[in-house]
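Each chain, letter by letter, is given below.
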Amino acid sequence: MFFRVWLFTLFVVITLAGCKLQITVPTGGSVTSSSGSNDCAEGKTCTIDVSDLFFDDTFTAKAKSGYEFVNWKKKQRSFCGAGAARFTPCRLFTSLWEGKPEFEKFLDQDDVFFLEPVFAPNGSGSGSGGGSGGLGSESAKICFNADEFTKGFRSDIRHRTVDEDGTVEFQRVSLTNGLSSFEGRSGVKITSDVNTSGGGGPTTTARLKFYIDVNGAQQSVTNFAVDADLLTPYSGKIITRHIPGVLSRFNLNKGQSFSQSYNTDVTQTVNGIDGTHSFQKDSKTTYLGTESVTVPAGIFKACKFSDQTTTTSVLGPISDNTTSWFGVGNGQLIKQTSDGVSSTLLSGKINGSPIK
C-alpha cells in the first residue's frame, strides 16, 4: 500500500512540468473556454502555449444535439481526468507557481499535456455498478504479514498496470533492512529496486528506501518517508515526507472504516532541476471483506478494501476511488482498480518461494 502512495507522488511531481496544453475534440461536441480565445471545435486538435504565470482559463465540454458529455478522458499526462473533476468544467491556471523557481523553469520547456472530452450518443453512456455480495466476514488481520517488516525479508513482485493508453509492467525487488532512522525518526527501512517498462515509453529504474512505523500488536503500519534515487532515464533524487504519515490498518472487521488526513512534502533534484512540492490528502478506507481473486499469477483469497481519497495540490483538488485486494497470509497487493486503471499481480516470490 505504501508503494502505491509513492507512485502517485512521483506522477504528480513529473506532470507539473508542462508548458503546452493540447486539446483534442472527438465527434460529438466542442470545447469552449471562459476567455473565448482557447476554444476548440469538433474534430480538431488545438495546442495552447502556457509560457507565463498569468494563464488562467476554464474549459467546458459542449455536446452537440444527439450527444452527451460523458467525462474528461483519463490518460497519461492529462488534466481533469480523475475523480469528480471528470464531470465538471476544467480550470487550469499557473498563478500558484509564482515564486516557485522550479515551476517557472518548466515554463521554458516543451513538455505537452492533454485535455480531451468524451462524448457519446444520447442514452449510450454507461455507469459503474455492481455489488459485493458473497464477501467473507473474516477480519482483515489475516492479510497482515508481520514477516514483511522483519530484517532479511525478501520479495520479488511483478505487476501489470493497464489504462486507456496501454500497458506498463512494474518489477519491485525488495529487502527489509531492519530498524533505521530518517531525519531523526526511527522506523523499519525497506529498500526496493524498481523497474518499469512498456506504455510506449522508455524503461525506467529507481532505488527506493521506505521508512515505516510498524505496530505488530495492532496489525498496522505507517509510512512516513521515501528516499528515492532515480537512475534511468531520469537521474536525480526525490525525497517524500508524509506528515504525520500514511496509515494502513488491518485490524478491521468487515464493514469497518477509518479516516486520515496527512500532508506530503516532496523535495527533488531531477535532471538538474530542483523543486519542492506539497500535497494534502484526506481519505476514508473501508474494509469490505474477503473474496477469491483471479489474476495472471493465480487464484488468491484476498482482503478487499475501498479507499475514497481527495488530494489537494497546486492544481486543485482531485478525488479518487480505489479498490485494493491484499493476499491472505502473504499481505501482498494482488489487484487494484482506480478510475479506469487496473493493476494485477503477474508473479511474485517471498524469500525465494512463489506467493501462495
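For the structure itself, look to the data block above.
Residues numbered from 1 in each chain as written. Predicted model: local features only at pLDDT ≥ 70, side-chain atom pairs only at ≥ 80, totals over all residues. Heavy atoms only, no water.

## Structural notes on the sheet that holds strand β4 (residues 56–63)
And step 1. In spatial order, the strands read β2-β4-β6; together these 3 strands make up an open sheet with antiparallel pairing. The open sheet has two edge strands, β2 (29–33) and β6 (90–93), and neither has a second partner. Within this sheet the neighbouring strands show an average axis-to-axis angle of 25 degrees, counted without direction.
And step 2. Sheet topology note: the β2/β4 ladder contains 5 bridges and is antiparallel. Residue pairing in the sheet places Ser30 in a bridge with Lys62 of β4. (Pairing = 2+ DSSP bridges. Helix = DSSP H or I, 4+ residues; strand = E, 2+ residues; numbered from the N terminus. Axes fitted to C-alpha atoms, helices over the stretch in contact; angles between N-to-C directions.)

## Here's the deal with the pattern of salt bridges
Pairing between side chains of opposite charge can happen when the charged atoms of each approach one another.
And step 1. Across all of its chains, the model carries 14 salt bridges by this definition.
And step 2. In this structure, the salt-bridge partner of Arg185 is Asp213, at a minimum N-O distance of 2.7 Å. Of this pair, Arg185 sits in strand β11 (residues 185–198) while Asp213 sits in strand β12 (residues 201–215), and the two are 28 residues apart along the sequence.
And step 3. By relative accessible area, which is 30% here, Arg185 ends up partly exposed.
And step 4. The exposure class assigned to Asp213 is partly exposed, which follows from its relative accessible area of 26%.
And step 5. The residue Glu291 makes a salt bridge to Lys304 at a minimum N-O spacing of 3.7 Å. (Salt bridge = Lys/Arg side-chain N within 4 Å of Asp/Glu carboxyl O. Buried < 20%, exposed > 50% of the residue type's maximum accessible area, 1.4 Å probe, protein only.)

## Focus: the state of the cysteines
And step 1. Applying the stated criterion to the full structure yields 3 disulfides.
And step 2. Note that Cys40 is cross-linked by a disulfide to Cys46, the S-S spacing being 2.1 Å. Measuring the twist about the S-S bond at about 90 degrees, one finds the Cys40-Cys46 disulfide to be right-handed. Each member of the pair, Cys40 as well as Cys46, carries the same accessibility label: buried.
And step 3. Residue pairing for Cys80: its cysteine sulfur links by disulfide to Cys90, the two sulfurs lying 2.0 Å apart. Of note, the bridge from Cys80 to Cys90 carries an S-S torsion of about 75 degrees and is right-handed in sense. (Disulfide = S-S within 2.5 Å.)

## Focus on the packing of aromatic side chains
And step 1. Summed over all chains, the structure comprises 11 aromatic pairs.
And step 2. When the ring of Phe144 is compared with that of Phe149, the centres are 6.1 Å apart and the planes differ by 20 degrees; the resulting orientation is stacked. Phe149 carries the same exposure label as Phe144, and that label is buried.
And step 3. Among the aromatic residues, those joined into a cluster by ring pairs are Phe144, Phe149, Phe250, Tyr287, Phe305 and Phe326. (Phe/Tyr/Trp six-rings, centres within 6.5 Å; stacked < 30°, edge-to-face > 60°.)

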